[in-house]
Amino acid sequence: MFSCPRMRTLFRGALTTGAAFWMAGCAHIAATPPGTPLAQVTAQFGAPTLRCTDRQGRDRVVWSRQPMGQYAWGATVDAQGRVQGVEPLLTDAHFQRLKQGVWTAEQVRCEFGPPAIIDTAGLPNVRQIVWSYRYKQDHTWNSLMYVFMGPDGRQVTKLHPGPDPMYEPRETLPRF
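Student: I'd love a proper account of the environment of Val130, names of residues and values included.
Tutor: With respect to the element layout, Val130 can be found in strand 6 (residues 128–137). With 13 residues separating them in the primary sequence, Val130 and Ile117 have C-alpha atoms 8.0 Å apart. Non-local contacts of Val130, meaning those with residues more than four positions away in its chain, are made with Ile117, Ile118, Asp119, Thr120, Ala121, Tyr146, Val147 and Phe148.

Student: Let's hear about the environment of Tyr71: which residues, and what values?
Tutor: Structurally, the position occupied by Tyr71 is in the loop between strand 2 (59–64) and strand 3 (72–77). Tyr71 sits in the partly exposed class, given a relative accessible area of 41%. Separated by 41 residues in sequence, Tyr71 and Phe112 place their C-alpha atoms 9.8 Å apart. Not counting residues within four places of it along the chain, the set of residues in contact with Tyr71 comprises Ser64, Arg65, Gln66, Leu90 and Lys136.

Student: Give a description of the environment of Gln128 that names residues and reports values.
Tutor: Tracing the backbone through its elements, the reader meets Gln128 in strand 6. In the structure, Gln128 is positioned 20 residues away from Phe148 in sequence and 6.5 Å away in space, judged by C-alpha atoms. The contact partners of Gln128, leaving out residues within four places of it in the chain, are Asp119, Thr120, Ala121, Phe148, Met149, Gly150, Pro151 and Thr157.

Student: How would you sum up the pattern of salt bridges? Please name residues and give values.
Tutor: Enumeration according to the criterion identifies nine salt bridges in this entry. Note that Arg82 and Asp78 form a salt bridge whose closest N and O atoms lie 3.5 Å from each other. Judged by its relative accessible area of 32%, Arg82 is partly exposed. Here Arg154 and Asp152 are joined by a salt bridge, their closest N and O atoms 4.0 Å apart. The network of salt bridges with common partners includes Arg60, Glu87, Arg97 and Glu111.

Definitions and limits used
- Residues numbered from 1 in each chain as written.
- Predicted model: local features only at pLDDT ≥ 70, side-chain atom pairs only at ≥ 80, totals over all residues.
- Heavy atoms only, no water.
- Helix = DSSP H or I, 4+ residues; strand = E, 2+ residues; numbered from the N terminus.
- Contact = heavy atoms within 4.5 Å.
- Buried < 20%, exposed > 50% of the residue type's maximum accessible area, 1.4 Å probe, protein only.
- Salt bridge = Lys/Arg side-chain N within 4 Å of Asp/Glu carboxyl O.

Below you can see the structure in the form of structure tokens.
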């Protein structure tokens with residue numbers, strides 16, 4: 001691209017400097033250090049989507065991009081109003097928590113935030129309420145995590161991922 005070695009060096013230096021300035025301006029909520037006041041996190045990233053009490057009785061906040069986004073972050077808040085580390089919620093590993101113990105609908109909402117879709121599935125005699133969360137399966141695939149809540153919608157009965165139809169190519173019929 002550049003024939004002169006000095007020009008290549010200058011060009012690389014400019015790119016490196018530009019990238020450093022760009023990255024410095026893009027703070028990420030997951031990089032929030034533990035002990036940061038919730039007011040400071042809210043000032044930088046906006047108000048949480050949800051504030052609730054988690055399964056252990058702690059104050060919890062969730063920032064969610066549902067229903068159209070694929071990410072959510074959560075943190076517990078101590079008695080002094082400081083976040084205890086922000087973690088990504090819509091991951092395969094985090095969804096595995098739903099396989100441990102009994103989870104009510106409110107506990108799921110407090111752990112993962114509001115779902116993208118609430119629907120029903122199954123035949124009439126075995127119909128279940130299903131909460132669907134948009135996420136990146138294996139950090140790659142546009143997917144939905146289907147969380148089945150039983151026929152009454154009270155507690156988790158099973159979960160499984162599947163492709164997100166929103167990202168599937170639309171098939172069109174040929175026009176004659």
